[in-house]
Amino acid sequence: MRGFTVLLAVLVLCQSNQITRIPLHKGKSMRQALKENGLLDDFLRKHQYAIGRKYSNFGEVASEPLINYLDSQYFGKIYIGTPPQEFTVVFDTGSSDLWVPSVYCNSDACQNHHCFNPPKSSTFQNMGHPLTIQYGTGSIQGFPGYDTVTVSDIVDPQQTVGLSTQEPGNVFTYAKFDGILGLAYPSLASEYSVPVFDNMMYRHLVAHDLFSVYMSRNEQGSMLTLGAIDSSYYMGSLHWVPVTVQEYWQFTVHSITVDGVVVACDGSCQAILDTGTSLLVGPGSDNLNIQKVIGATQGQYGAFDIDCGRLSSMPTVVFEIQGRQYPLTPSAYTTQDLGSCISGFQSASDTQQWILGDVFIQEYYSVFDRTNNCVGLAKAI
């Protein structure tokens, strides 16, 4: 059945009118913008990295730690309302809800972003419930509603959308995106919210109930494809990994090794494939082991520095998943910015799971299959 689904998904590429491609632009991250404006140190002092608390609940209080998007660099366009209003969003497989700023928001951050204007949309309906998204040092206040959401050529009617009326601090002022579009399972969404992709599946707006992601290291060329797999973005064959918990896109990693020696995830561990997180995030002890083995040194606020001149002599880190090896070379797991090199591995004290973010997805084309509840991985071009 799984092979049949993949075959159909590949065949559908021959019928271009059924394929929905959303170009993703690689832009400046909030970290880069805050650093350029001399605000990064203050931000990192006040915010604890809390990837393990990344979940949504529109009903009463939703927790979506802002720092999770500090390094997000891949953004795409969507349109909300009738006539359509344009927004730049992070397509996030680590959350399940869609939210953007509204014109009722007076915060500085909202003034620098596209804001949705409900009265200007003939299809908007207010749900009549409050919305609070809690952050470490403040919260986004707002309300949810229904409206038409357009993603590329897909017109998604009666889609739940969260609209902010207040955003905390000055951090979002420097974000290059307006909001978040979640692509995780509906179990992470609130009782009032249906994830965008679930609404598309229910209304048969996609050719197949899967989507795929290619992340280029260049500014242009990255792509989110809805309803199909594009073999031009990867080499060899896709290998399939079953989802173990249908909340995040979560699966089992059997080990993480360097030169054949287990350095983390001893005896297996759970991992999440997350397009809304840039780095490779793991439990503190595992992270420290890896940093030591690759020769990274402790920097400020949880970051680890790497000597850029040592990249050629540093080891490859290998993730073993479903009986196959997924190596990450030093150039893959190192972030180079403004003349410095930083380890792409990051610790999180509040989780035992690994989060495989953009650092991993840049190396491995990723398919998110809702029909068979599995993830497909292949070496990206």
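All of these numbers come straight from a predicted model, not from anything done at the bench.

Examining the overall build of the protein chain
- On a plain count of helices and strands, the protein chain comes out with eight helices and 29 strands.
- Taking all 381 residues of the protein chain together, the buried fraction comes to 60%.
- Long-range pairs, those at least 24 residues apart, make up 69% of the contacts in the protein chain between residues at least 6 apart in sequence.

Examining the pattern of salt bridges
- Per the counting criterion, the structure on display carries five salt bridges.
- R21 is the salt-bridge partner of D230, the closest N and O atoms lying 3.5 Å from each other. Separated by 209 residues along the polypeptide, D230 in the loop between β12 (222–226) and β13 (234–242) and R21 in strand β1 (residues 20–26) bring together distant segments of the chain.
- Judged by relative accessible area, which is 8%, D230 ranks as buried.
- Take R21: its relative accessible area is 32%, and that puts it in the partly exposed class.
- With a shortest N-O distance of 2.9 Å, K379 and E363 are connected by a salt bridge. Residue K379 is found in strand β29 (residues 374–380), and its partner E363 is found in the loop between α8 (358–361) and β28 (364–369); the two are separated by 16 residues along the sequence.
- With relative accessibility at 11%, the residue E363 sits in the buried group.
- In the salt-bridge network here, residues are joined through shared partners; they are R217, E363 and K379.

Let's talk about the sheet that holds strand β18 (residues 269–273)
- If you trace the six strands from one edge of the open sheet to the other, you get β14-β15-β18-β27-β19-β26, paired in mixed fashion. Each edge of the open sheet is held by one strand with a lone partner, namely β14 (245–246) and β26 (345–347).
- Note: β14 against strand β15 (residues 249–253), two bridges, orientation antiparallel. In the sheet register, Q246 faces β15, and the bridge partner there is W249.

Here's the deal with the pairing of β29
- Within β29, six of the seven residues are buried, which leaves it mostly tucked inside the rest of the structure.
- The sheet contact formed by β13 and β29 spans six bridges and is antiparallel. Each residue of the ladder has a partner; that of Y234, found in β29, is A380.
- The sheet contact formed by β28 and β29 spans six bridges and is antiparallel. Paired with F368 across the bridge in β29 is V375.
- Where β28 hands over to β29, the hairpin turn is made up of four residues, of which N373 adopts a positive phi near 50°.

Here's the deal with the sheet that holds strand β22 (residues 317–321)
- Pairing is antiparallel in the open sheet, where four strands are placed in the order β17-β16-β22-β23. Where the open sheet ends on each side, the last strands, each with one partner, are β17 (261–264) and β23 (324–328). With direction set aside, neighbouring strand axes in the sheet form an average angle of 40°.
- In terms of strand pairing, strand β16 (residues 255–258) meets β22 through three bridges, oriented antiparallel. Along β22, the bridge assignment pairs T257 with V318.

Here's the deal with the state of the cysteines
- Enumeration according to the criterion identifies three disulfides in this entry.
- Covalently, C265 is tied to C269 through a disulfide, its sulfur atoms 2.0 Å apart. Disulfide C265-C269: the torsion about the S-S bond is -105°, which places it as left-handed. Of the two residues, C265 and C269, neither departs from the other in class, the shared state being buried.
- One disulfide in the model links C308 with C341; its S-S distance is 2.0 Å. Negative torsions about the S-S bond denote left-handed disulfides, and the value of about 120° found for C308 with C341 makes this one right-handed. With C308 in the loop between β21 (304–306) and β22 and C341 in strand β25 (residues 340–343), this residue pair connects regions lying 33 residues apart in the sequence.

Examining unusual backbone geometry
- In this structure, P83 follows T82 across a cis peptide bond, with omega equal to 0°.
- Locating P83 in the fold gives a position in the loop between β3 (74–80) and β4 (85–92).
- Its identity as a non-glycine residue notwithstanding, Q158 has a phi of 50°, on the positive side.
- Note that Q158 resides in strand β9 (residues 154–166).
- Even without being glycine, D259 reaches a positive phi, approximately 55°.
- Note that D259 resides in the loop between β16 and β17.
- Taking relative accessible area as the criterion, D259 reaches 70% and is therefore assigned exposed.

A closer look at the confidence of the model for the protein chain
- Put simply, the protein chain has an average pLDDT of 85, and 84% of its residues get 70 or more.
- The model gives residues 1–17 a pLDDT under 50, and that stretch makes 30 contacts with residues more than four places away or in other chains.
- Scored below 50 in pLDDT, residues 49–67 shows 85 contacts in the model against residues more than four places distant or in partner chains.

Here we look at the nonpolar core
- Membership of the largest hydrophobic core comes to 78 residues, with the highest contact counts inside it found for I78, F91, L226, I256, F319 and F360.
- Residue contacts for F360: discarding those within four places in its chain leaves L273, L280, I321, Y326, L328 and L377.
- The next biggest cluster of nonpolar side chains, apart from the first, holds 13 residues, and it includes L210, Y234, L238 and W240.

About the thresholds
- Residues numbered from 1 in each chain as written.
- Predicted model: local features only at pLDDT ≥ 70, side-chain atom pairs only at ≥ 80, totals over all residues.
- Heavy atoms only, no water.
- Helix = DSSP H or I, 4+ residues; strand = E, 2+ residues; numbered from the N terminus.
- Buried < 20%, exposed > 50% of the residue type's maximum accessible area, 1.4 Å probe, protein only.
- Contact = heavy atoms within 4.5 Å.
- Salt bridge = Lys/Arg side-chain N within 4 Å of Asp/Glu carboxyl O.
- Pairing = 2+ DSSP bridges.
- Axes fitted to C-alpha atoms, helices over the stretch in contact; angles between N-to-C directions.
- Disulfide = S-S within 2.5 Å.
- pLDDT = per-residue confidence, 0-100.
- Core = buried A, V, L, I, M, F, W, Y, C linked by side-chain atoms within 4.5 Å.

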